[in-house]
Amino acid sequence: MPGSIVTVQVGQAGNQLGQHLFNLYAKHAVTEGNAATEEKFFSRKEKTAKLRARAVLVDMEAKVINAAIRDASRSKEWCYNEKRQFHRKSGAGNNWAAGYCSIGEGAIESVLDLVSKEVEMCDRFEGFMIPMSVAGGTGSGFGTRLTEALRDGYQNSVITNQIIWPYSSGEVIVQNYNAILSLAHLHQCSDALFFIQNDSVHDLCSRMLGMKSISLELMNKEIARNIAGIMLPAYVGADFSRPLSYGDLVGSVCSNPDYKLVTPTHVPQMPDTHKQFTSYNWSRLIKIIHQMAIANSPCEEGINWRIALPAGNRTKKSFTKSVAQLLILRGLDTASADVSVFHDNRMYSSWNREPFSSYACPTQFCGHEKGVALLNNSESVIHPLETTISKAWSMFTSRAFVHQFSQFGVTEDSFMDNFAKTEQILKSYKEI
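Residues numbered from 1 in each chain as written. Predicted model: local features only at pLDDT ≥ 70, side-chain atom pairs only at ≥ 80, totals over all residues. Heavy atoms only, no water.

A.B. asks: Please explain the side chain of Asp59 as it appears in this structure.
C.D. replies: Mapped onto the fold, Asp59 is located in the loop between β4 (55-58) and α3 (62-73). Here Asp59 occupies a buried position and makes no salt bridge, while the nearest side chain of opposite charge, Lys63, is found at 10 Å. In this structure, Asp59 is in contact with Gly11, Gln12, Asn15, Val64, Ile65, Phe86, His87, Arg88 and Thr138, ignoring residues within four places of it in sequence. (Helix = DSSP H or I, 4+ residues; strand = E, 2+ residues; numbered from the N terminus. Buried < 20%, exposed > 50% of the residue type's maximum accessible area, 1.4 Å probe, protein only. Lys, Arg positive; Asp, Glu negative; His and termini not counted. Salt bridge = Lys/Arg side-chain N within 4 Å of Asp/Glu carboxyl O. Contact = heavy atoms within 4.5 Å.)

A.B. asks: I would appreciate a short explanation of the packing of aromatic side chains in the present structure.
C.D. replies: Ring pairs (aromatic) are described by centroid distance and by the angle formed between their planes. On inspection of all chains with the given rule, the structure shows 24 aromatic pairs. Both rings, one in Phe128 and one in Tyr154, keep their centres 5.0 Å apart while their planes meet at 80°; by these two values the pair is edge-to-face. Residue Phe128 is located in strand β7 (residues 125-133), and its partner Tyr154 is located in the loop between α5 (138-153) and β8 (158-165); the two are separated by 26 residues in the primary sequence. Accessibility expressed as a relative area gives 0% for Phe128, which makes it buried. Using a relative accessible area of 19% as the deciding quantity, one classes Tyr154 as buried. On the numbers, 5.3 Å between centres and 10° between planes, the contact of Phe342 with Phe356 is stacked. Of this pair, Phe342 sits in the loop between β13 (322-331) and β14 (356-361) while Phe356 sits in strand β14, and the two are 14 residues apart along the sequence. Grouping residues by exposure puts Phe342 and Phe356 together as buried. (Phe/Tyr/Trp six-rings, centres within 6.5 Å; stacked < 30°, edge-to-face > 60°.)

A.B. asks: I would appreciate a short explanation of the packing of helix α4 (residues 96-119) against α5 in the present structure.
C.D. replies: If you want to describe how two helices pack, look at the angle between their axes and the distance between the axes. In the contact formed by α4 and α5, the axes pass within 8 Å of each other and the chain directions differ by 45°. Taken together, the axes of α4 and α5 are oblique relative to one another. Every pair of crossing elements has a handedness; the one defined by α4 and α5 is right-handed. Contact residues: α4 offers Trp96, Gly99, Tyr100, Cys101, Ile103, Gly104, Glu105, Ala107, Ile108, Val111, Leu112 and Val115, while α5 offers Ser140, Gly141, Phe142, Thr144, Arg145, Leu146, Glu148, Ala149 and Leu150. (Axes fitted to C-alpha atoms, helices over the stretch in contact; angles between N-to-C directions. Parallel < 35°, antiparallel > 145°, perpendicular 65-115°, else oblique. Left-handed = near helix turned anticlockwise from the far one by under 90°.)

A.B. asks: Mind showing me how you'd approach the nonpolar core here?
C.D. replies: In summary, soluble globular proteins display a tendency toward joint burial of nonpolar side chains. Ranked by internal contacts, the top residues of the largest apolar core, which has 114 residues, are Val8, Tyr25, Tyr80, Phe128, Phe142 and Met231. No other element matches α4, which puts 11 residues into this core. Not counting the four nearest positions on each side in its chain, Tyr80 is found in contact with Gln9, Asn15, Gly18, Gln19, Phe22, Arg52, Ala53, Ala55, Leu57, Ala68, Ile69 and Ala72. Counting 25 residues, the second largest nonpolar core, distinct from the first, contains Leu285, Ile307, Leu309 and Phe356. (Core = buried A, V, L, I, M, F, W, Y, C linked by side-chain atoms within 4.5 Å.)

Any link to function would need more than the numbers given here.
Right, dumping it as structure tokens:
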């Protein structure tokens, strides 16, 4: 039986995404009768009672938390523990410094106390998941401060952050500052950063549903599906006898501390209404997700099939190279799946001796008889990092809005230090 994971949902995006994650976890635990999923993400006082999420809900305003608790209480399968919530009357004003310095200073001990109580409920505690946006103030600033505090207090536990990277064109005017400051700090204290690009998810939902106007709820559902495809229990070997631990999952793709940005993907990608009319075999699914990886395509539809690994003495590189990849097969007859295409060393950094690992689970996920999840640590993060750093530098050179951060203690020297850290992360990925 795998250990348990406590999810600390921070800010509006973190709480909304967390709720969708627990919807999927509960469905997998109840519908598929998966006891390992129940133990990993839920507790239960009595066998007849609803599953209770192993979660702490944090925001500086009560509205989103109240909505998440209310919506979850309507589920027949699960609910939140209402005693595991922290909020105040006002937010961080989309300012990383306010969330990290001002609010963080006053709230951190109260939140850590709630986290400690939830951890004590676990028989075999493995670590934390922290879903959060890095565009605003509470998720980015307080989420960062909380991650650092959890690292100090739980040094032997696994910590991953599910970070929502902002749209390339404008959610919040200082979003690029917030993202840079978050990444520079989180990269030092988190074991892995699930890197979720809003632009990519929006494009995926638009293509999949044929709609130009995409709601945040639809996007959160798709993000949750990609993350859950990785985080739900998986096993080593054809007999499913040994569960994949949280530490092994993260360690297989983030063994080098210079490379912690990982992107989750799941196929097939389709609207729920199409599931009963569509079927895939393992060969097709593996071919699709392999091409998505080397072509840097977040979408199953519109993959560039002309991109290929180099042949012979060709030195020109057009494909997306990876540091490491983890593949999980979910569904019927996983033993018949051939994943040898992922063992091609041309896909990976030459220094990584074990860049690929694969696991399986016999239970279905999201109503698909067969499904494949991929966690990819690759060059795909270069473009969004370059874009954000460039825009942040452009603002900083004219000292735009810097005063809003300096009033909370983030000085120009602090900005320079954090720019240097994020540029080093970018440099590392360019050298794959």
